[in-house]
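Structural description and commentary
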Amino acid sequence: EVQLVESGGGLVQPGGSLRLSCAASGFTFSSYAMSWVRQAPGKGLEWVSAINSGGGSTNYADSVKGRFTISRDNAKNTLYLQMNSLKPEDTAVYYCAQGKPGVGYDYWGPGSQVTVPS
């Protein structure tokens, strides 16, 4: 059974940092591209970042470029999202997903809430 479980969310002041983690199990993690997708209150899903299976290629939405860093540890079956210089508009539920834009997402985690008050 494929499982993706996010952790590391919380309340952080503007300008602060958080690191999200996503623990993966039930599939060969190192064989799949992975993404972070977020949903702000009252809005639709927004792709944030993606990383290829080996970790050597990354992509970011313009809204987070230069502030967020995606990475992965294939030995630990874990995906990360380092978020710096957080803004109130980054407030959202952040989902870890197996897949990437243009190809689609096969599995999702339950999400982790990140709140940056204005």
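Scope of this entry: the structure provided in the associated data block. For clarity, every value in this text was computed on a predicted model and none was experimentally measured. Numbers given for residues are sequential positions, taken from 1 along each chain in its written order. Given that this is a predicted model, residues contribute local features only at a pLDDT of at least 70 and side-chain atom pairs are listed and counted only at 80 or more, while totals for whole chains, interfaces and linings are drawn from all residues. The basis for the side-chain values is all heavy atoms of the structure; hydrogens and waters are excluded.

Side note on the environment of Ser 17
A run of H or I in DSSP counts as a helix once it spans at least four residues, and a run of E counts as a strand once it spans at least two, with each numbered from the N terminus. Among the structural elements, Ser 17 can be located in the loop between β2 (10-11) and β3 (18-25). Working definition: with a 1.4 Å probe on protein chains only, accessible area under 20% of the residue-type maximum means buried, over 50% means exposed, and in between means partly exposed. Using a relative accessible area of 40% as the deciding quantity, one classes Ser 17 as partly exposed. In this analysis, two residues are considered to be in contact whenever any of their non-hydrogen atoms come within 4.5 Å of each other. Residues within four places of Ser 17 in sequence aside, it is in contact with Val 12, Gln 82, Met 83, Asn 84, Ser 85 and Leu 86. Counted as a polar contact is a pair of N or O atoms within 3.5 Å, where, for protein atoms, one must be capable of donating a hydrogen and the other of accepting one, and residues adjacent in sequence contribute only when both atoms are in side chains. In this structure the side chain of Ser 17 is engaged in a polar contact, spanning 2.9 Å, whose partner is the side chain of Asn 84.

Structural notes on the pattern of salt bridges
The salt bridge criterion pairs a side-chain nitrogen of Lys or Arg with a carboxyl oxygen of Asp or Glu, the two atoms within 4 Å. Here the structure, examined in full by the defined rule, presents 4 salt bridges. Here Arg 38 and Asp 90 are joined by a salt bridge, their closest N and O atoms 3.0 Å apart. In this pair, Arg 38 sits in strand β4 (residues 34-39) while Asp 90 sits in the loop between β8 (78-83) and β9 (92-100), placing the two residues 52 residues apart along the sequence. Here Arg 38 matches Asp 90 in class, with each residue buried.

What to know about the nonpolar core
Only buried residues count toward a nonpolar core, which is a set of Ala, Val, Leu, Ile, Met, Phe, Trp, Tyr and Cys residues joined through side-chain atoms within 4.5 Å. Met 34, Trp 36, Phe 68, Leu 79, Leu 81, Met 83 and Tyr 94 are the most contacted members of the largest nonpolar core, which totals 26 residues. Of all the elements in the fold, those that place two or more residues in this core are β3, β4, β5 (45-51), β7 (68-73), β8 and β9. The element contributing the most residues to this core is β3, with 4 residues.

Observations concerning unusual backbone geometry
A positive phi angle, close to 50°, is found at Asn 77, a residue other than glycine. Take Asn 77: it is sitting in the loop between β7 and β8. Taking relative accessible area as the criterion, Asn 77 reaches 29% and is therefore assigned partly exposed. With a phi angle near 50°, Ser 85 is a residue other than glycine that sits in the positive phi range. Of note, Ser 85 is situated in the loop between β8 and β9. A relative accessible area of 41% means that Ser 85 is categorised as partly exposed.

Remember, this is a structural readout, not a statement about activity or role.
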